[in-house]
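Descriptive analysis of the structure
Listed below, chain by chain, are the residues.
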Amino acid sequence: MSEQSAVLLALVFGIITVLLVRSRDVKWWEAALIALFGMYVGQTPLVFAADGLVHWFISVVTRT
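Residues numbered from 1 in each chain as written. Predicted model: local features only at pLDDT ≥ 70, side-chain atom pairs only at ≥ 80, totals over all residues. Heavy atoms only, no water.

Another aspect to go through is the overall build of the chain. Helix and strand content of the chain: three helices and zero strands. Sequence-ordered secondary structure for the chain, helices as α and strands as β, is α-α-α. Carbon and sulfur atoms make up 72% of the accessible area of the chain, which amounts to about 5,100 Å² in all. (Helix = DSSP H or I, 4+ residues; strand = E, 2+ residues; numbered from the N terminus. Areas by Shrake-Rupley, 256 points an atom, 1.4 Å probe, with all protein chains shown as cover.)

Here it is in structure tokens:
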């Protein structure tokens, strides 16, 4: 799979995930979609941005 198509799929699964979480009723197949979203984010350069955000959040939380 090309990098461009992986980013596109990550975007689509991200939008679906946000809509599902907002509905507050996540079924088993919706959880599978969320897992697919995580897998596609892991295959894209977005993983570096997510990693930086998590490290920043942890550093902010541990300082207080």
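In this section: a nonpolar patch on the surface. Judged by side-chain polarity, Leu53, Val54, Trp56, Phe57, Ile58, Val60 and Val61 come together as a nonpolar surface patch covering roughly 680 Å² of accessible area. The residue Ile58 is located in helix H3 (residues 46-63) in this model. With relative accessibility at 45%, the residue Ile58 sits in the partly exposed group. (Patch = residues over 30% accessible without salt bridge, like charges linked within 9 Å, V, L, I, M, F, W, Y side chains within 5 Å. Salt bridge = Lys/Arg side-chain N within 4 Å of Asp/Glu carboxyl O. Buried < 20%, exposed > 50% of the residue type's maximum accessible area, 1.4 Å probe, protein only.)

A residue-level look at the chain finds 80% of positions with pLDDT of 70 or above and a mean pLDDT of 75. Within the chain, H3 carries the highest mean pLDDT (78), whereas helix H2 (residues 28-42) carries the lowest (74). (pLDDT = per-residue confidence, 0-100.)

A few words now on the environment of Phe13. For Phe13, the position within the fold is in helix H1 (residues 3-23). Owing to a relative accessible area of 12%, Phe13 belongs among the buried residues under this scheme. Distance in space between the C-alpha atoms of Phe13 and Ile34 is 7.0 Å, their sequence separation being 21 residues.

Assignment of secondary structure puts Leu33 in helix H2. In this structure the C-alpha to C-alpha distance between Leu33 and Phe13, which are 20 residues apart in sequence, comes to 6.8 Å.

A word on the environment of Leu11. Structurally, Leu11 can be placed in helix H1. Using a relative accessible area of 52% as the deciding quantity, one classes Leu11 as exposed. Note: C-alpha distance between Leu11 and Phe37 (26 residues apart in sequence) is 8.3 Å.

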